[in-house]
Amino acid sequence: MNTRHHGIVRNSGHIRHSRLIALTALASLAGLAPSNSALAFPPPYVMVIDGKEQPCPDVQMGDPAVVDRIIAESKDNSLVMSYMHSLTFDIGARLTGSAAAEKANNWAMEQYKTMGIDNAHLEQWGTIPVRFDRGPSTGKVLLRKEKPADDDKDDKAPPKVEYEDLRDMQFTTLAWTAGTDGPVRGPVVREPKTQEEFDKVKNSLKGAWVLIQAPPALGQRGVRNLARARHEMRADALSKVAKGTDPATLTIPEQLALQPVAGFISTSRDERVWTGAASNWRDLDADHLPKDVEVIIRLSDYDYINSRLTDHDPIEVEFDLANHFTKGPIPVYNTVAEIRGSQKPDEVVIISAHLDSWNGPGSQGCTDNGTGSVVTLEAARLLMAVHAKPLRTIRFINYTGEEQGLLGSHGYVEAHKSEMDKISAVFVDDGGTNYEGGLPAAENMVQMLAEATAPTNNVFYSDTDKKFMNVNVRNTGKKIDTHGSSDHASFNAVGVPGFFWDEVGRADYPYGWHTQNDRYDLAIPEYLVQSAANAAITAYRLACADTLLPRAVKEPEVKHADSKPEPKQPQGASKDSHAAAPASK
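Just so we're clear, the structure is a prediction, and the values are computed from it rather than from any experiment.

Asker: Run through helix α14 (residues 525-543), naming residues and quoting values.
Answerer: Compared with the 27 Å implied by 1.5 Å per residue over 19 residues, the 27 Å span of α14 between its first and last C-alpha is a close match. Of all 19 residues in α14, 18 are buried; the element is thus mostly enclosed.

Here it is as structure tokens:
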């Protein structure tokens, strides 16, 4: 009896038979064969180009039986969610340079070795001056209650103070900024705006948490940039006074920076709190670490505090921020493994994803980018499990440093400059838990990529979405129309075809992206199963093709005598999803 699992017939012969039926009908509609006859030698796969299905020609791209075994193995024995559970629960969020990131590098290496890839190793791409780790952190709002003293003989005994927990908060701090030395509790004082307001509350600031007025809704990048700017402003204020500036000449925010407050509280203007990094993280001096504390809370927590203050309730807040620094230099790594090519081992197809994540409280680094990391691992396992023997080498890379500006992939490119001409293609999975649903491609690459991805089509069916999880190759003209906000850009910059998979599906990526919500339960198993199988199939078929993938056609550079050359964009420049400078994405 044939059974189905995640929308695929388990028996590989039935897989190909179902394709034959579909392709016969497709060919009939296209006028390639009579409607009442079967194709004598039908192509086994369907390509999708610019949203349209068409028969895939019979090309030499490896053994179809290997492809069928990859599909069957992915559906019957997938370990992708097992990898995800280990990565998110046993290791957790993985800030570049942190102990967790190094643990993840070693964990990934051991997974490759367990599969039988004995050349798995760590490649150091640089160092950072100070390691930043987070321990368990908490934040809560409390109600201060005063009760008469129990001493009946002394009417002047101070009242007994008790606290009632009112609300747990969700929050973050920028990475590489100060935390607290254990729980720090204090009253909340609204940020004064004028000199008169400042003078009025000045004597109440010692040990208090200053509530910064909520900014306009600015989105993730705006919130993080404002927090960075405030940290820089407060550091500059201390420096000015140390050099002799009269504090009375400073702005109100600068004067606040000189006060012995417990810290500052700002809001994201959203129920998500986004984690980023201090702007000077690569220049930190372990002997002169920042002491300025700012906590970013979600909007509902901010509104709650503001409302209780308006009602004159005697509330206080308490934060326990376990931010830890370790003096460097701290080495930082990519994890690399490969299946050596049997005939052209010096030519390479790369499957890759970044292993690092932001590490705000609550986050497990699931969809950015635990998903791509485990897809890369599972793709390697699938190829090893079916004993694939690609003609070219298939290499697997788990980068770190991506969130801070594509640092790991840039370091890889720099260390392997002599190999770039022999790299056929680099694929990056970094778009969350949706499935690998397509690629942008230069026009001279479209056919070959469509042929390579064709076996994935009309095989992986989503019972939830009521459709096949197919791969659409998009013709974007002379160039690969992509962005610069993930690790493929490091390869595109040196002329190597780098691809960021189009992620298609029902997942709400912004909900978890860089936020406290980025946890294991956001992962969608059927999408990750498809993605891992597709990555393995695509790499295998390209690795067995007659030629390397064509390079995009370079357009001639136009120079004008009266113009200056445009300044080069920093490596890792990006759209809003990743900050433009290498300091932080």
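Asker: Before we move on, can you summarise the sheet that holds strand β22 (residues 498-500) with the specific residues and values?
Answerer: With mixed pairing, the six strands of this open sheet are ordered in space as β5-β14-β16-β15-β17-β22. Whereas interior strands pair on both sides, the edge strands pair on one side only; in this sheet they are β5 (121-134) and β22. Here the strands of the sheet are splayed against their neighbours by 20° on average, with no regard to which way each runs. Sheet topology places strand β17 (residues 423-428) next to β22; three bridges connect them, and they run parallel.

Asker: If you had to explain helix α2 (residues 64-77) to someone new, which residues and values would you point to?
Answerer: Over its 14 residues, α2 runs 20 Å from end to end, which matches the ideal 20 Å to within 8%, given 1.5 Å per residue. Considered for burial, the residues of α2 that qualify are Val66, Val67, Asp68, Ile70, Ile71, Ala72, Glu73, Ser74 and Lys75. Residue Asp63 occupies the N-cap position of α2, its side-chain oxygen lying 2.9 Å from the main-chain nitrogen of Ala65.

Asker: A description of the environment of Gly484 should follow, citing residues and the corresponding values.
Answerer: Mapped onto the secondary structure, Gly484 falls in the loop between β21 (472-475) and α12 (488-492). The class of Gly484 is partly exposed, set by a relative accessible area of 25%. With 79 residues separating them along the chain, Gly484 and Gly405 place their C-alpha atoms 9.9 Å apart.

Asker: Would you mind going over the sheet that holds strand β13 (residues 315-320) in detail, with residue names and values included?
Answerer: Hydrogen bonding along the main chain pairs the strands of a sheet, whether they run parallel or antiparallel. With mixed pairing, eight strands are arranged side by side in an open sheet as β7-β6-β13-β9-β10-β11-β12-β8. At either end of the open sheet lies a strand with only one pairing partner, and these are β7 (160-168) and β8 (171-172). One ladder, built from four bridges, connects strand β9 (residues 184-190) with β13; its direction is antiparallel. Paired with Gly186 across the strands is Val317, a residue of β13. The strands that helix α6 (residues 219-242) touches are β11 (263-267) and β12 (294-297); relative to β12, the one it contacts most, it runs at about 160°. The strands touched by helix α8 (residues 299-310) within the sheet are β6 (138-147), β7, β9, β10 (209-211), β11, β12 and β13, with β7 carrying the most contacts at an inclination of about 145°.

Asker: Give a description of unusual backbone geometry that names residues and reports values.
Answerer: The omega torsion across Gly328 and Pro329 is 10°, close enough to zero to call that bond cis. Within the secondary structure, Pro329 sits in strand β14 (residues 323-339). The phi angle at Asp50 is positive, at roughly 50°, despite the residue not being glycine. Asp50 gets classed as partly exposed once you look at its relative accessible area, which sits at 44%.

Asker: Give a description of the nonpolar core that names residues and reports values.
Answerer: Counting 79 residues, the largest nonpolar core has Tyr112, Leu383, Phe396, Phe427, Leu449, Phe499 and Leu542 as its most contacted members. Of the residues forming this core, the biggest block, twelve residues, is contributed by α14. Discounting chain neighbours no more than four positions away, the residues touching Leu449 are Phe427, Leu439, Ala441, Val473, Phe499, Leu542 and Leu549. Listed in part, the 21 residues of the second largest apolar core include Leu143, Trp209, Val293 and Ile305.

Asker: Residue-level account of the packing of helix α11 (residues 446-453) against α14, with values.
Answerer: Packing of α11 against α14 brings their axes to within 8 Å, and their N-to-C directions diverge by 125°. The pairing of α11 with α14 is recorded here as oblique in orientation. The handedness of the crossing between α11 and α14 is right-handed. Contacts between α11 and α14 involve Met448, Leu449, Glu451, Ala452 and Thr453 from the former and Asn534, Ile537, Thr538, Arg541 and Leu542 from the latter. Split by residue class, the contact of α11 with α14 holds five nonpolar, three polar and two charged.

What counts, and where the lines are drawn
- Every chain begins its residue count from 1, and numbering advances along the sequence as written.
- A pLDDT threshold of at least 70 governs which residues receive local features in this predicted model, and a stricter bar of 80 or more applies before side-chain atom pairs are shown or counted, although totals over entire chains, interfaces and linings include all residues.
- Only hydrogens and water are set aside when side-chain values are computed; all heavy atoms of the structure are taken into account.
- Numbered from the N terminus, helices here are DSSP runs of H or I no shorter than four residues, and strands are runs of E no shorter than two.
- In this scheme, a helix's expected span is set at 1.5 Å multiplied by one less than its residue total.
- Accessible area is worked out with a 1.4 Å probe on protein chains only. A residue is then buried under 20% of its type maximum, exposed over 50%, and partly exposed in between.
- One requirement defines pairing of two strands: DSSP has to find at least two bridges between them.
- Lines fitted to C-alpha atoms define the axes, with helix axes restricted to the stretch in contact, and inter-axis angles between N-to-C directions lie between 0 and 180 degrees.
- N or O atoms closer than or at 3.5 Å make up a polar contact, with two conditions inside protein: a donor-capable atom paired with an acceptor-capable one, and, for residues adjacent in sequence, both atoms drawn from side chains.
- Residue contacts follow a heavy-atom distance rule, with two residues in contact if any of their heavy atoms lie within 4.5 Å.
- Nonpolar core, defined: a set of buried Ala, Val, Leu, Ile, Met, Phe, Trp, Tyr and Cys residues in which side-chain atoms within 4.5 Å join the residues together.
- Oblique is the label for any angle not covered by the other classes, which are roughly parallel (under 35 degrees), roughly antiparallel (over 145) and roughly perpendicular (65 to 115).
- Crossing handedness is defined as follows: a turn of the near helix away from the far one that is anticlockwise and smaller than a right angle gives a left-handed crossing, while the clockwise case is right-handed.
- Residue polarity follows a fixed list, in which Ala, Val, Leu, Ile, Met, Phe, Trp, Tyr, Cys and Pro are nonpolar, Asp, Glu, Lys and Arg are charged, and the others, Gly among them, are polar.

Nothing here speaks to function; it is all geometry.
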